Amino acid sequence: MVIKLMHYTYWFLIFNIGTFGLLGLPTALHKIGIPFLGFALFFITMARDGSNVKFPFFGWVGSFLVIIIASKMINGSAMFSMLSFIFYTLLPYFYLIVIINEKDPKLINAITKCIIILILIQIPASLIKYGIMGQSEKGAIGTLSVGLGSFSTVFPVLIIAFLMSFYLFTDKVKYIILVMFFVLFGIIGGKRAITFIIPLELLLSYFLFLKYFIKKRDLKKIRNLLYIVVFGAIAFYVMVRTNPSLNKENEIGGSFDIEFLMNYSESYTSSDGKGKKEMRRKDGLIYFLTYNINSKFENMLFGDGAGILIMSNFDKNSGDMESLYGVRYGGRMGMIWLILQVGMLGLFIYIGFLLRMIYVLITKLPIKNNYLLMGFAVASFFMLIDTLIYSNTFIAFEVVKSIYFYIIALLLLQMKLLKSNKKVRLLYVNTTI
C-alpha cells in the first residue's frame with residue numbers, strides 16, 4: 001500500500017506543478033518531491049531485486065552521465081546544477097526501471113489508471129481556466145504549468161497521438177470527442193503551432209495505421225480517411241478563427257483568410273526587424289550552432305556546463321537564457337538547450353538514446369493490432385520534432401517525458417511477456433480510456 005501511495009504521489013506532483021504555482025506553494029514541493037520519490041522507488045526496486053534488476057539501454061544512459069560529469073569538471077559547474085540536470089533529463093528513465101521490474105500487474109494497471117485520470121482532469125481544468133482568464137498561453141496550462149505556453153501545444157499533441165490510435169483500432173466515437181477536447185486545450189492555451197500540427201498528426205496517424213498496423217484493409221477503414229480529412233480541415237478552420245493572432249481582425253471568431261495567414265506565418269518566422277534578443281527559432285538555431293562550433297574544443301564537445309540553464313532558488317546561477325546568452329525567443333529548442341549545457345556529444349548521445357529505444361520497440365514488438373505501439377510511433381515523431389526545432393518542453397519539463405517514458409515501460413513489459421510466452425492482453429486493455 002505504501003509503494004502504491006508513493007507512485008500516486010509521484011504522478012500527482014508531476015501533474016500539478018501549475019496548481020502549486022497558482023496557489024503560491026513553495027517550488028521545493030515538486031522540485032525536491034518528484035526526484036525524491038522517483039529515486040526512492042528506484043532504490044527500493046534495487047534493494048528488492050538486487051542483481052536481477054534489468055537496465056535496458058543503460059549503455060546510452062551511462063554514456064550520457066559520463067558526458068554530464070565531464071561537462072561539470074571542464075566548466076567548474078556547481079554540483080547542484082549538475083544534479084538538477086540529471087533529474088531533469090534522466091529521472092523518467094530511472095522510473096522506467098522501476099516499472100519494468102515491477103512484478104505485480106495490478107499495481108501497474110492501478111498506476112496507469114491514475115495517469116489516465118490525471119490526463120482527463122486537464123480538460124475541466126482548461127475549461128475553468130478559460131472561464132476565469134480567457135484564452136492565453138499564460139496564467140494556467142491545465143494543472144501542468146503557470147506560464148510555459150509550449151505545454152499548450154506539446155501536451156495535447158502527445159495525448160492525441162494515442163487517442164487517434166485508440167479510435168482507429170476501435171471506431172469508438174468517444175476517442176474523437178476526447179481529441180476535440182484536447183484540441184480545445186490547445187486553443188485555450190493560445191498557441192499558434194497547434195493549428196498546423198494537429199491536422200498533420202491526424203493524417204500521419206491514419207496512414208501509419210493503414211500501412212503498417214492492421215492485418216486487413218477493408219472499405220470501412222479506407223473510408224475513414226474522408227472523415228479524418230474533414231475533421232482535420234474543420235479543426236484547422238476553427239483554430240485559425242479562434243486564435244486572434246491568426247486572423248486579421250485579431251479577435252476570437254475572426255475571419256478565415258488564407259492570404260493573411262500565409263503572410264503572418266512568414267513574418268512570424270522571420271527575424272527581420274528584430275534584435276538578437278527576439279530572433280526567431282530558425283535564426284536562433286543557426287546562431288547557437290555557430291556559437292558552439294566556434295567555442296573551445298572542449299566546450300563544443302561538452303557544453304558550457306550541465307545545469308546552467310536550469311533556474312533554481314538553491315543555486316546562484318540564474319539559469320536564464322537571455323541573461324547568459326542575450327537571446328530570449330530563439331534559444332528555446334531542446335536541441336539548443338542540450339548543446340549549450342552538454343555540447344555536441346551530449347546532444348548526439350541523448351537523441352541517439354531516444355532513437356535506439358524507438359527502433360528496438362518498433363522492430364521487436366508485433367506491429368499488427370498494437371494500438372499502444374502505433375500511438376507511441378506517432379508521439380515519438382512529434383516529440384523529436386519538438387526537441388529539434390520547437391521547444392524544450394519534452395526534454396526539460398517533467399510531465400510530457402514522464403508519460404512518454406511510462407509508455408515505453410509498458411511496451412518493454414509487452415516485450416518481456418512475449419519472450420516468456422505469457423499473455424499481454426492485460427497490459428493492452430488497461431492502457432485504453
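Worth saying up front: this structure is predicted, and the values here are computed from it rather than measured.

What counts and what doesn't
Residues numbered from 1 in each chain as written. Predicted model: local features only at pLDDT ≥ 70, side-chain atom pairs only at ≥ 80, totals over all residues. Heavy atoms only, no water. Helix = DSSP H or I, 4+ residues; strand = E, 2+ residues; numbered from the N terminus. Buried < 20%, exposed > 50% of the residue type's maximum accessible area, 1.4 Å probe, protein only. Areas by Shrake-Rupley, 256 points an atom, 1.4 Å probe, with all protein chains shown as cover. Phe/Tyr/Trp six-rings, centres within 6.5 Å; stacked < 30°, edge-to-face > 60°. Patch = residues over 30% accessible without salt bridge, like charges linked within 9 Å, V, L, I, M, F, W, Y side chains within 5 Å. Salt bridge = Lys/Arg side-chain N within 4 Å of Asp/Glu carboxyl O. Contact = heavy atoms within 4.5 Å. Axes fitted to C-alpha atoms, helices over the stretch in contact; angles between N-to-C directions. Parallel < 35°, antiparallel > 145°, perpendicular 65-115°, else oblique. Left-handed = near helix turned anticlockwise from the far one by under 90°. Nonpolar A, V, L, I, M, F, W, Y, C, P; charged D, E, K, R; others polar. Expected span 1.5 Å × (residues − 1). Core = buried A, V, L, I, M, F, W, Y, C linked by side-chain atoms within 4.5 Å. Polar contact = N/O pair within 3.5 Å; in protein donor to acceptor, adjacent residues only side chain to side chain.

A. Just the overall build of the chain, in detail. In terms of regular secondary structure, the chain is built from 21 helices and zero strands. For the chain, the proportion of its 433 residues judged to be buried stands at 56%. For the chain, the computed accessible surface area is about 19000 Å², with 68% contributed by carbon and sulfur atoms.

B. Looking closely at the packing of aromatic side chains. The tally for this structure, following the rule as stated, stands at 36 aromatic pairs. Ring centres of Phe-42 and Phe-94 lie 5.1 Å apart, and the angle between their planes is 75°; on these two criteria the pair is classed as edge-to-face. Taken together, the residues span a long stretch of sequence, with Phe-42 in helix α4 (residues 33-49) and Phe-94 in helix α6 (residues 79-100) at a distance of 52 residues. Judged by relative accessible area, which is 8%, Phe-42 ranks as buried. Using a relative accessible area of 8% as the deciding quantity, one classes Phe-94 as buried.

C. Highlighting a nonpolar patch on the surface. Together, Leu-226, Tyr-227, Val-230, Ile-234, Tyr-237 and Val-238 make up a nonpolar patch on the protein surface, roughly 540 Å² of accessible area in all. Looking at the secondary structure, you find Tyr-237 in helix α12 (residues 219-242). Using a relative accessible area of 37% as the deciding quantity, one classes Tyr-237 as partly exposed.

D. Up close: the pattern of salt bridges. A complete count under the given rule lists four salt bridges for this structure. Residue Asp-49 pairs with Arg-48 through a salt bridge whose shortest N-O separation is 2.9 Å. By relative accessible area, Asp-49 is classed as buried at 12%. Overall, Arg-48 belongs to the partly exposed group, its relative accessible area being 43%. Notably, a salt bridge pairs Lys-103 with Asp-49, separated by 3.2 Å at the nearest N-O pair. Separated by 54 residues along the polypeptide, Lys-103 in the loop between α6 and α7 (105-120) and Asp-49 in helix α4 bring together distant segments of the chain. Judged by its relative accessible area of 62%, Lys-103 falls in the exposed class.

E. Structural context of the side chain of Asn-392. With respect to the secondary-structure elements, Asn-392 resides in the loop between α18 (371-390) and α19 (393-396). In this structure Asn-392 comes out as buried when scored by relative accessible area, which is 14%. Setting aside chain neighbours within four positions, we find Asn-392 in contact with Arg-332, Met-333, Gly-334, Trp-337 and Phe-397.

F. A look at unusual backbone geometry. Positive phi is not limited to glycine here, since Phe-57 has a value of about 65°. Mapped onto the fold, Phe-57 is located in the loop between α4 and α5 (58-75). Taking relative accessible area as the criterion, Phe-57 reaches 14% and is therefore assigned buried. For Asp-171, which is not glycine, the phi torsion reads 60° and is therefore positive. For Asp-171, the position within the fold is in the loop between α9 (151-170) and α10 (173-189). Classification of Asp-171 as partly exposed rests on a relative accessible area of 25%.

G. Looking closely at the packing of α5 against α6. In contact at an axis separation of 10 Å, α5 and α6 are set at 165° when each is read in the N-to-C sense. As summarised for this structure, α5 and α6 are arranged roughly antiparallel, according to the angle between their axes. Every pair of crossing elements has a handedness; the one defined by α5 and α6 is right-handed. Side by side, α5 and α6 meet where Phe-58, Val-61, Phe-64, Leu-65, Ile-68, Ile-69 and Lys-72 of the first sit next to Met-79, Met-82, Phe-85, Ile-86, Thr-89, Leu-90 and Tyr-93 of the second. Counted by class, the contact of α5 with α6 contains 12 nonpolar, one polar and one charged residues.

H. Representation of helix α20 (residues 398-419). Under the 1.5 Å per step criterion, the end-to-end length of α20 is 31 Å for 22 residues, consistent within 8% with the ideal 32 Å. With 18 of 22 residues buried, α20 is to be regarded as a mostly interior element.

I. Region of the structure containing the nonpolar core. The biggest cluster of nonpolar side chains holds 139 residues, and the ones touching the most others in it are Trp-11, Phe-15, Phe-376, Tyr-404 and Phe-405. Among the elements that take part in this core, helix α17 (residues 334-364) stands out by supplying 18 residues, more than any other. When near neighbours in sequence (up to four residues on either side) are disregarded, Tyr-404 contacts Leu-158, Leu-354, Ile-358, Phe-376, Ser-380, Met-383 and Phe-394.

J. How the structure looks around the packing of α9 against α20. It is at 10 Å that the axes of α9 and α20 come closest, and there the two elements cross at 20°. It follows from the interaxial angle that α9 and α20 lie roughly parallel. As α9 runs across α20, the sense of the crossing is left-handed. Seen from α9, the contacting residues are Phe-151, Val-154, Phe-155, Leu-158, Ile-159 and Phe-162; seen from α20, they are Val-399, Val-400, Ile-403, Tyr-404 and Ile-407. Taken together, the residues that form the contact of α9 with α20 break down as 11 nonpolar, no polar and no charged.

K. Focus on the side chain of Ser-126. Relative to the helices and strands, Ser-126 resides in helix α8 (residues 122-133). According to the relative accessible area criterion, Ser-126 is buried, its value standing at 5%. Only 2.8 Å separates the side chain of Ser-126 from the backbone oxygen of Ile-123, close enough to count as a polar contact. Ser-126 has contacts with Gly-142, Phe-185 and Ile-188, leaving out every residue within four places of it along the chain.

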